[in-house]
Amino acid sequence: MSSYSSSKSSDLPVREIPGDYGFPIISALKDRYDYFYNQGEDAWFHNKAEKYKSTVVKINMPPGPFTSNDYKLVAFLDATSFVYMFDNSLIDKTDTLGGTFKPGKEYYGGYRPLAFVDTKDPNHAALKGYIISSFAKRHNLFIPLFRSSLSDHLFNNLEKQVTEQGKSDFNALLPTMTFGFIFRLLCDQTNPIDTVLGAQGPEHLRKWLFPQLIPSLSAKKLPNFIEDILFHNFLIPFGFVKSDYNKLVDVFSKSAVSMLDEAEKLGIKREEAVHNMLFLVGINMFAGLNAFFPHLLRFVGEAGSSLHTRLVNEIRTAIKEEGGAITLSAINKMSLVKSVVYETLRLRPPVPLQYGKAKKDFMVQSHDASYKINKGQFVVGYQPMATRDPKIFANPDEFVPDRFMNDGEKMLKHVLWSNGRATEEPAPDNKQCPGKDMVHLLGRLILVEFFMRYDTFTVEITPLFRAPNVAIKTLTKASV
């Protein structure tokens, strides 16, 4: 029996799954409008749970018709039910990464990337092991390459824009910084500027990502009716982004020599490896980091100078003890920094939804009841409700910077952002994010770099569908 289900109580009452799929198509379209435009994602899921007095509930999962015909799902909306999504003996993840729709294989050179492959597939262990080992071989580059990218592409522009324009658009500066770091990490430290991509690498990547992500998002740049017709009713053909993708494939094929050599030594075809690498670059790293960092700066910025002073003291003390060097040893001593990053990932995980299909009949349990899930049932977990479960966390909707310090560390098992618990590790036989530890390290490092340079800062926040737009309004340079 899986560790995710073995500890559950068998004394809970068995209930029918509440909820109503409503009228065919019409109800699903109404749910879509409520989800994207009338209520928003958070409120939509909370309203479903409140309406049916249950955290396991039937839903019409957007985008629905006509992007997908398979949108009648069961949602897991608390910490207890959500972790069933990690049970590989119960949940099949084949082709469910994006939810109820899936882009065609032509988006990935005719292959299905690792994220679309279930653990039962023999190819999963080989691809996952390859990515884990590739990161392990490059872990000594994480800190120096990321620091260089922050200095070259973020902080210099940030200060200049605040001085000249009165504020700086943090989100707009991120793509060049994150893409430069990722490219140099995976491509033998080659600067993407020195390839045929020039400065256009992030733009090519965003164009390729857009058709894959927009059916499940709202860009908030068009009237609702027009956006819905254009992006939520059908999938955009690959032909619109084919040239962008082919350019990326060509450049990574020529630049990521060591990564691709390692794949061949493990028996993975070079061509398959490069397409998997691009998915890793685009979805897992580029899109993920660009969603995560704005939330981190937002929460820290809104917390104000009292938190900033605590962070400054912890960071500069640890660095001083290391002789002034920003090292992994120094970063690991920063318990408040660590807690702040985990608290951000708890409140706003970069990938809020987990999907899968039941491999067999099983009983799922919430805090209050047990429910039967039939084999083949499409299920979804909404992580922000699971990690803000009031039966697990005190003040669950509040940003509490030191939540995971001292005795609070025991609560890290309830931080689930990486498709697994924060206390567990990615492995070839699970679906946990292979870059889990790197993402947390980069979150800590951006705070370290920020507060080595500045004593405090202020922000202006513009809410978007998921990640906020963060404008830095003022920067107070470090006084010591």
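Everything below is about the structure shown above.
The structure displayed is predicted, hence computed values, not measured ones.

Novice: Please clarify how the pattern of salt bridges should be interpreted in this entry.
Specialist: Opposite charge on two side chains lets them pair, provided their charged atoms get close. Under the definition given, this model contains 34 salt bridges. For R466, the salt bridge goes to E41, with nearest N and O atoms at 2.6 Å. A residue pair is termed long-range when its members are at least 10 positions apart, and R466 in the loop between β9 (454–462) and β10 (469–477) and E41 in helix α2 (residues 41–52) qualify at 425 residues. Assessed through its relative accessible area of 28%, R466 is described here as partly exposed. Residues D118 and K359 are paired through a salt bridge, measuring 2.9 Å at the closest nitrogen-oxygen approach. Here D118 is found in the loop between β3 (91–92) and α4 (122–137), whereas its partner K359 is found in the loop between β5 (353–358) and β6 (362–365), with 241 residues between them in sequence. With relative accessibility at 1%, the residue D118 sits in the buried group. On the accessibility criterion, K359 (23% relative accessible area) is partly exposed. Within this structure, D42, R348, R388 and D397 form a network of salt bridges that share partners.

Novice: Where do I start with the packing of aromatic side chains in this structure?
Specialist: Aromatic ring pairs are described here by two measures, namely the spacing of the ring centres and the angle between the planes. Scanning the model with the defined rule gives 37 aromatic pairs in all. Between Y35 and W44, the aromatic rings sit 5.2 Å apart at their centres with planes inclined by 85°, giving edge-to-face as the arrangement. Exposure class is identical for Y35 and W44. Each is buried. Pairwise contacts between aromatic rings join Y33, Y35, F36, Y37, W44, F45, Y382 and F465 into one cluster.

Novice: Help me out: how do you make sense of helix α11 (residues 270–303) in this one?
Specialist: Owing to its 3.6 residues per turn, the α-helix aligns residues three or four sequence positions apart on the same side. Here α11 contains 34 residues, and its C-alpha end-to-end distance of 47 Å stays within 8% of the 50 Å for a straight helix at 1.5 Å per residue. By the criterion of burial, α11 is predominantly enclosed, with 27 of the 34 residues buried. Among the residues trailing α11, G304 stands out with phi positive, at a value near 90°.

Novice: Is there a simple way to explain the side chain of N233 in this structure?
Specialist: If you trace the backbone, N233 turns up in the loop between α8 (224–231) and α9 (242–255). A distance of 3.1 Å separates the side chain of N233 from the side chain of R32, its partner in a polar contact. A polar side-chain atom of N233 sits 2.8 Å from the main-chain carbonyl oxygen of D228.

Novice: In this structure, what is going on with unusual backbone geometry? I would like to understand it.
Specialist: Excluding glycine, a negative phi dihedral is what most residues carry, and trans is how most peptide bonds are arranged. Here the amide bond leading from P62 into P63 is cis, since omega sits at 10°, within 30 degrees of zero. Within the secondary structure, P63 is located in the loop between β1 (56–60) and β2 (72–76). One non-glycine residue with positive phi stands out, namely N395, at about 45°. Relative to the elements of secondary structure, N395 occurs in the loop between α15 (383–386) and α16 (436–453). A positive phi angle, close to 65°, is found at N419, a residue other than glycine.

Novice: When you look at α4 in this model, what are you seeing that I'm missing?
Specialist: Given a rise of 1.5 Å per residue, 16 residues ought to cover 22 Å, and the 24 Å separating the end C-alpha atoms of α4 matches this to within 8%. Among the residues of α4, H124, L127, K128, Y130, I131, S134 and F135 are the ones counted as buried. On an axial view of α4, the arc spanned by its buried residues comes to 155°, and they lie on one face. The exposed set on the far side of α4, more than 90 degrees from its buried face, consists of P122 and K137. The elements touched by buried residues of α4 are α5 (139–165), α6 (170–186), α10 (257–265), α11 and α16.

Novice: Before we go on, may I ask you to explain the packing of α6 against helix α7 (residues 201–213) in this structure?
Specialist: When two helices pack together, their arrangement is given by the angle between their axes and by how far apart the axes lie. The contact between α6 and α7 brings their axes to 9 Å, and the two run at 100°. In terms of orientation, α6 and α7 fall into the roughly perpendicular class. Where α6 approaches α7, its residues P175, T176 and F179 are matched on the opposing element by G201, P202, L205 and R206. Along the lines of polarity and charge, the residues of the contact of α6 with α7 split into 4 nonpolar, 2 polar and 1 charged.

Novice: I would appreciate a short explanation of the nonpolar core in the present structure.
Specialist: In this structure, F293 and I472 are the most contacted members of the largest nonpolar core, which totals 106 residues. At 17 residues, the largest contribution of residues to this core is made by α11. Among all residues touching F293, those that are not within four sequence positions of it are F146, F170, L174, M177, T178, L442, G443 and I446. If you look at the next biggest cluster of nonpolar residues, it comprises 21 residues, including F76, A358, F362 and V379.

Novice: Sorry if this is basic, but what is going on with the side chain of H232 here?
Specialist: Relative to the helices and strands, H232 is located in the loop between α8 and α9. Using a relative accessible area of 0% as the deciding quantity, one classes H232 as buried. Polar contacts involving the side chain of H232 include one to the side chain of D228, which spans 2.9 Å. Excluding residues that lie within four positions of it along the chain, H232 makes contacts with R32, F36, Y37, P63, P65, F66, T67, I214, P215, L217 and E227.

Novice: Mind showing me how you'd approach the environment of G99 here?
Specialist: For G99, the location among the structural elements is in the loop between β3 and α4. Residue classification places G99 among the buried positions, given a relative accessible area of 2%. Dropping the residues within four chain positions of it, G99 is found in contact with Y355 and F378.

Procedures and definitions
- Residues numbered from 1 in each chain as written.
- Predicted model: local features only at pLDDT ≥ 70, side-chain atom pairs only at ≥ 80, totals over all residues.
- Heavy atoms only, no water.
- Salt bridge = Lys/Arg side-chain N within 4 Å of Asp/Glu carboxyl O.
- Helix = DSSP H or I, 4+ residues; strand = E, 2+ residues; numbered from the N terminus.
- Buried < 20%, exposed > 50% of the residue type's maximum accessible area, 1.4 Å probe, protein only.
- Phe/Tyr/Trp six-rings, centres within 6.5 Å; stacked < 30°, edge-to-face > 60°.
- Expected span 1.5 Å × (residues − 1).
- Polar contact = N/O pair within 3.5 Å; in protein donor to acceptor, adjacent residues only side chain to side chain.
- Arc of directions from axis to C-beta.
- Contact = heavy atoms within 4.5 Å.
- Axes fitted to C-alpha atoms, helices over the stretch in contact; angles between N-to-C directions.
- Parallel < 35°, antiparallel > 145°, perpendicular 65-115°, else oblique.
- Nonpolar A, V, L, I, M, F, W, Y, C, P; charged D, E, K, R; others polar.
- Core = buried A, V, L, I, M, F, W, Y, C linked by side-chain atoms within 4.5 Å.

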